[in-house]
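Listed here are the chains, written in short residue letters.
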Amino acid sequence: MGNRSTVTENSDVTSFQSPELASTEQWIAGVDEVGRGALFGPVVAAAVILPGSALEELRAMGLKESKQLSSKRREEFSRHLQTVALDAKIGYASVREIDRVNIFHASLLAMRRAVLKLDPQPDLCLVDGKFPIPDLPIPQKALVGGDRASLVIAAASIVAKVWRDRLIIRLANKYPRYDLAANKGYGTERHRLALQQYGASSQHRLSFKPCQIKSV
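Cut-offs and rules
- Residues numbered from 1 in each chain as written.
- Predicted model: local features only at pLDDT ≥ 70, side-chain atom pairs only at ≥ 80, totals over all residues.
- Heavy atoms only, no water.
- Phe/Tyr/Trp six-rings, centres within 6.5 Å; stacked < 30°, edge-to-face > 60°.
- Helix = DSSP H or I, 4+ residues; strand = E, 2+ residues; numbered from the N terminus.
- Buried < 20%, exposed > 50% of the residue type's maximum accessible area, 1.4 Å probe, protein only.
- Axes fitted to C-alpha atoms, helices over the stretch in contact; angles between N-to-C directions.
- Parallel < 35°, antiparallel > 145°, perpendicular 65-115°, else oblique.
- Left-handed = near helix turned anticlockwise from the far one by under 90°.
- Contact = heavy atoms within 4.5 Å.
- Nonpolar A, V, L, I, M, F, W, Y, C, P; charged D, E, K, R; others polar.
- Core = buried A, V, L, I, M, F, W, Y, C linked by side-chain atoms within 4.5 Å.

Caption draft 1: View of the packing of aromatic side chains. According to the stated counting rule, one finds three aromatic pairs in the structure shown. Between Phe 40 and Tyr 175 the ring centres are 5.6 Å apart and the planes differ by 70°, which places this aromatic pair in the edge-to-face class. In this pair, Phe 40 sits in the loop between strand S1 (28-34) and strand S2 (43-49) while Tyr 175 sits in the loop between helix H6 (151-174) and helix H7 (180-183), placing the two residues 135 residues apart along the sequence. The buried category is assigned to Phe 40, whose relative accessible area is 0%.

Caption draft 2: Fine view of the packing of helix H1 (residues 52-60) against helix H2 (residues 71-84). H2 packs onto H1 with a crossing angle of 165° between their chain directions and a minimal axis gap of 11 Å. It follows that H1 is roughly antiparallel to H2 by the angle criterion. As for how H1 packs across H2, the hand of that crossing is right-handed. Together, Ala 54, Glu 57 and Leu 58 of H1 and Phe 77, His 80, Leu 81 and Val 84 of H2 make up the contact between the two elements. Here the contact of H1 with H2 is built from residues that sort into five nonpolar, one polar and one charged.

Caption draft 3: Broad picture of the nonpolar core. Of all hydrophobic cores here, the largest spans 36 residues; its most connected members are Val 31, Val 43, Met 111, Val 115, Cys 125, Ile 133 and Leu 180. Of the residues forming this core, the biggest block, seven residues, is contributed by helix H4 (residues 103-117). Beyond its immediate sequence surroundings of up to four residues, Met 111 is in contact with Val 31, Asp 32, Glu 33, Ala 45, Val 127 and Ile 133. Ranked by size, the runner-up nonpolar core spans 30 residues in total, among them Leu 81, Leu 126, Ala 154 and Ala 160.

Caption draft 4: Spatial organisation of the environment of Val 101. As for its position among the elements, Val 101 is in helix H3 (residues 95-101). Distance in space between the C-alpha atoms of Val 101 and Ser 207 is 9.8 Å, their sequence separation being 106 residues.

Structural data, given as structure tokens:
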């Protein structure tokens, strides 16, 4: 895995506050989730540890949080991150878990699962959002807007988005009525109309009101 990287406090951070750039001799994981607002499919999280030596290169390449990148650029960054990251892992919570514990708790569960898969385990997790991950045996810091403030969280947002999009595209072949390849499980007009016409599939979140429609 290599030595832990030391990054000085004098790093220029015009695009990101990047708290990881000010850390010394630590493995820092960025953690983010995707799919929280979707009607279909799991909520997916990624945890990514980047070496300090890769941070400036990634920023120079234009790494941003996933929503600010085109699908093509997300795919390119995801491939590159797989080569430079010390580790990157996916965790998810299923639609049944979402329905059972609600989307908020399921999102935190997915993030916890991603972090606990990391090897090495990080010294610190930077978590996108307002709330820390429950029962995580690792120091963490929740950052509101973290995917815009931290390079490692932005990296996690890309890895999670690409992984989930690929999953939904595969599932689109099994559930062709819902226009999933185009909407990635989110509640577009065509998706909602299909729910009204055909009802929900086994991969829809039945606790979400738009999915609570019986087949005609």
